[in-house]
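One-letter residues, chain by chain:
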Amino acid sequence: MALALAVSCNRTKPEGRPVINLVREVLADADSPEHRLVADYDAADPVKSIYVAGAPERCKPILMSLKGCDSSDNADGRAVGDGLPDFAGEVICTILDFANTPYGRFADSGREEALKEVTVRTVLAAMDTLCYINEFDKNGVATKPQAKVVVLASPCASAYGQFDVDSLFRTLGCNLPVVYPLRSMLDDVLDGRNTGAVVGVVAEKDSLTAGSYASYVAENGPAGSDCVVLSPDPSASDPLLAFLDSCLVAGKTRPFDAILVDDSSVDADAMRLTLKRITTDTNEESLSYGKLIAPGCRILDVLSTVNAECYRILRKDNLFRHDIAYPRSIEYKTVATSDGSFLLTQYDDGDPLQ
């Protein structure tokens, strides 16, 4: 595993941060379609859909995980599977962002505001019914479901756009829940802590991904927090031991309070088994790696986090359809437009609608 980023940070929450021009324009023009869409939006409608949006390689695993998830009793919400998918009867839509990915090109060229605008426009697209049959459709004659919850799959959405989406919704009183997996996992670790947290992240080898985690920990973690981001070695037989070996090589010896798995190719359950073996048994592994594991260290992963967060939101707000049927999926893709923005078209990758 190659060391992507290791950062020490103090709590430096920004004060009075300005929103991007797009948000200012939407807020200022009460007659604009975007202003009316957000101001009049009602997400409290079970008939609406779950949306997963972002880089295609991130959306697909989340979609499949949501469709196959059975971690709760659908009748009473207990954390035990009941043989019926947790999101039975739901329609799960994806917005595969081919037009704007890879997102790293925005940061590499200093266009952070443009990347924030992509995040805002993606959420607005999930809220709207507007859809195009294909890139040659000039009038948007197709329609699509609206969102009752939006999952922004890419971690950079938390660093580039979360503040702007939150500000827009808060100002206009929009009740649409937006799930940021990065924020959900890190808040789980950081909330309520008075001392520095040491967070490890197993993620793709991408500087924007690493920087997104580091920035969030820097802005929200207590003084003295560390964030160590590593990319997985696909040949490693044990990803947790490979992660810890890389930390030792890099001289990172502070024990981890949590390790986050942000790569769907990495088996998070296998990592949990290794963690249990290291922390409960007295053996060569525990002697070698136990010093890197703080008491109560947990392993969190994106897929389980998204499943749990979406289930919590739908159950809390009574947004389930309550249909006895397997979840269905509908896919859309972004197509770049000449003005530098994008539109949504229907997408068919040859996989039949389920």
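Residues numbered from 1 in each chain as written. Predicted model: local features only at pLDDT ≥ 70, side-chain atom pairs only at ≥ 80, totals over all residues. Heavy atoms only, no water.

1. Side note on the sheet that holds strand 13 (residues 342–346)
Read across the open sheet, the 6 strands follow the order 7-6-2-3-12-13; overall the sheet is mixed. Edge positions in the sheet fall to strand 7 (178–179) and strand 13, since each has one partner strand and no second. With 5 bridges connecting them, strand 12 (residues 328–336) and strand 13 associate as antiparallel partners. Bridged to Tyr-332 within strand 13 is Gln-346. With respect to the sheet, helix 5 (residues 112–127) is in contact with strand 2 (49–54), strand 3 (91–96), strand 6 (147–152), strand 7 and strand 13, its orientation differing from that of strand 6 by roughly 150 degrees. Sheet strands in contact with helix 13 (residues 302–316) are strand 2, strand 6 and strand 7, and its direction is about 160 degrees off that of strand 6. (Pairing = 2+ DSSP bridges. Helix = DSSP H or I, 4+ residues; strand = E, 2+ residues; numbered from the N terminus. Contact = heavy atoms within 4.5 Å. Axes fitted to C-alpha atoms, helices over the stretch in contact; angles between N-to-C directions.)

2. Quick notes on the nonpolar core
In terms of nonpolar packing, the biggest core is built from 40 residues, with Leu-66, Phe-87, Leu-186, Tyr-213 and Leu-260 touching the most fellow members. The element best represented in this core is helix 13, accounting for 6 residues. Apart from the residues within four sequence positions on either side, Leu-186 is in contact with Val-199, Tyr-213, Tyr-216, Val-217 and Leu-260. One finds Val-23, Ala-125, Ala-157 and Val-178 within the second-largest nonpolar core, a separate group that totals 36 residues. (Core = buried A, V, L, I, M, F, W, Y, C linked by side-chain atoms within 4.5 Å. Buried < 20%, exposed > 50% of the residue type's maximum accessible area, 1.4 Å probe, protein only.)

3. Quick word on the packing of helix 8 (residues 181–190) against helix 13
At a minimum axis separation of 10 Å, helix 8 and helix 13 run at an interaxial angle of 90 degrees. Considered as vectors, helix 8 and helix 13 are oriented roughly perpendicular to each other. Between helix 8, through Pro-181, Ser-184 and Met-185, and helix 13, the contact on the second element is made entirely by Val-302, Thr-305, Val-306 and Glu-309. The residue makeup of the contact of helix 8 with helix 13, split by class, is 4 nonpolar, 2 polar and 1 charged. (Parallel < 35°, antiparallel > 145°, perpendicular 65-115°, else oblique. Nonpolar A, V, L, I, M, F, W, Y, C, P; charged D, E, K, R; others polar.)

4. Considerations on the side chain of Asp-238
Its place among the elements puts Asp-238 in the loop between strand 9 (225–231) and helix 10 (239–249). For Asp-238, a relative accessible area of 15% corresponds to the buried category. Within the local environment of Asp-238, its side chain forms a polar contact with the backbone nitrogen of Leu-241, the two atoms lying 3.2 Å apart. In terms of polar contacts, Asp-238 uses its side chain to reach the side chain of Arg-277, at 3.4 Å. Setting aside residues up to four positions removed in sequence, Asp-238 forms contacts with Thr-274 and Arg-277. (Polar contact = N/O pair within 3.5 Å; in protein donor to acceptor, adjacent residues only side chain to side chain.)

5. Description of the pattern of salt bridges
Per the counting criterion, the structure on display carries 18 salt bridges. Between Arg-17 and Glu-219 there is a salt bridge, and its shortest N-O distance comes to 3.6 Å. Separated by 202 residues along the polypeptide, Arg-17 in the loop between strand 1 (2–9) and helix 1 (21–28) and Glu-219 in helix 9 (residues 207–220) bring together distant segments of the chain. With a relative accessible area of 30%, Arg-17 lands in the partly exposed category. Ionic pairing is found between Asp-257 and Arg-193, a salt bridge with its closest N-O pair at 3.7 Å. One end of the pair, Asp-257, is in strand 10 (residues 256–262); the other, Arg-193, is in the loop between helix 8 and strand 8 (198–203), and 64 residues separate them in sequence. (Salt bridge = Lys/Arg side-chain N within 4 Å of Asp/Glu carboxyl O.)

6. Things to note about the packing of helix 10 against helix 11 (residues 268–280)
How two helices sit against one another is set out by the angle between their axes and by the gap between those axes. It is at 8 Å that the axes of helix 10 and helix 11 come closest, and there the two elements cross at 65 degrees. Of the possible angle classes, the one that applies to helix 10 and helix 11 is roughly perpendicular. Note on element contacts: helix 11 touches helix 10 through Met-271, Thr-274, Leu-275, Arg-277 and Ile-278, opposite Pro-239, Leu-240, Leu-241 and Leu-244.

7. Remarks on the confidence of the model for the protein
The pLDDT averaged across the protein works out to 91; a share of 94% of its residues lies at or above 70. Overall, residues 1–15 carries pLDDT values under 50, and its contacts beyond four positions in sequence, including any with other chains, amount to 56 contacts. (pLDDT = per-residue confidence, 0-100.)

8. Quick word on the pairing of strand 10
The element strand 10 is extensively covered by neighbouring structure, given that 7 of its 7 residues are classed as buried. The pairing of strand 8 with strand 10 spans 5 bridges and is parallel. Residue pairing in the sheet places Val-201 in a bridge with Leu-260 of strand 10. Strand direction decides the pairing type here: strand 10 and strand 11 (residues 293–301), joined by 5 bridges, are parallel. Among the inter-strand pairings, Ala-258 is bridged to a residue of strand 11, identified as Arg-298.

9. Points about the environment of Tyr-51
Along the chain, Tyr-51 falls in strand 2. Classification of Tyr-51 as buried rests on a relative accessible area of 0%. A sequence separation of 32 residues divides Tyr-51 from Gly-83, and the C-alpha atoms of the two residues are 24 Å apart. Aside from chain neighbours lying at most four places away, what touches Tyr-51 is Cys-93, Ile-95, Ala-126, Lys-144, Pro-145, Gln-146, Ala-147, Val-149, Val-150, Val-151 and Tyr-332.

10. Some remarks on the packing of aromatic side chains
All chains considered together, the criterion is met by 5 aromatic pairs. Look at Phe-87 and Tyr-311: their rings are 6.3 Å apart centre to centre, the planes differ by 80 degrees, and that puts the pair in the edge-to-face class. With Phe-87 in the loop between helix 3 (56–68) and strand 3 and Tyr-311 in helix 13, this residue pair connects regions lying 224 residues apart in the sequence. We classify Phe-87 as buried; its relative accessible area is 0%. (Phe/Tyr/Trp six-rings, centres within 6.5 Å; stacked < 30°, edge-to-face > 60°.)

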